[in-house]
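Chain residues, written in single-letter form:
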Amino acid sequence: MAVDPIREIKILVPAMLQSEVREFAPLVYEDLEHDVGYRIAALMTEDQLAEFERLTDAGDEEGSAAFLREHVPNQSEIVRDVCASLLEGIAQRLRREDIARGLLRQVTSAPA
């Protein structure tokens, strides 16, 4: 499943401008990669981790993908779960920041 953080953030926070949403995409990809990797690594034995590391260090994308299909058959589910959780957390933060900006505008534009 391909994850499109720009589309997902825009759905979760519709008031955001497309340019603002695009600023978050690289961070989402980075966090997603880290969190998915952590969850998958937690499911592997030491030997499996060593084998997977050997494949990735060698740049063997095909071998890495085959390894994951064999040893982590629910990889797609893990990616979906982590992505949903990550994006919802970002959306909540962005909503809070949007509310705070709105309140700040009200306070600073109110007559003295």
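Residues numbered from 1 in each chain as written. Predicted model: local features only at pLDDT ≥ 70, side-chain atom pairs only at ≥ 80, totals over all residues. Heavy atoms only, no water.

Overview of the overall build of the protein chain
Here's step 1: Within the protein chain, the regular secondary structure consists of five helices and zero strands.
Here's step 2: In the protein chain, the succession of helices and strands from N to C terminus is α-α-α-α-α.
Here's step 3: Put simply, the protein chain has 112 residues, and 28% of those count as buried. (Helix = DSSP H or I, 4+ residues; strand = E, 2+ residues; numbered from the N terminus. Buried < 20%, exposed > 50% of the residue type's maximum accessible area, 1.4 Å probe, protein only.)

Let's talk about helix α2 (residues 18-42)
Here's step 1: With 25 residues, α2 should cover 36 Å at 1.5 Å per step; its first-to-last C-alpha distance of 36 Å lies within 8% of that length.
Here's step 2: A maximum bend of about 30° is found in α2 at Phe24, where proline Pro26 lies one to four positions downstream.
Here's step 3: All buried positions along α2 are accounted for by Val21, Phe24, Ala25, Val28, Leu32, Val36 and Ile40. (Expected span 1.5 Å × (residues − 1). Bend = angle between axes of the 7 residues up to and from the residue.)

Focus: the pattern of salt bridges
Here's step 1: For the structure on display, the rule yields one salt bridge.
Here's step 2: Glu51 is paired through a salt bridge with Arg54; the nearest N and O atoms lie 2.7 Å apart. Of the two residues, Glu51 and Arg54 both sit in helix α3 (residues 46-57), three residues apart, roughly one turn of that helix.
Here's step 3: On the accessibility criterion, Arg54 (48% relative accessible area) is partly exposed. (Salt bridge = Lys/Arg side-chain N within 4 Å of Asp/Glu carboxyl O.)

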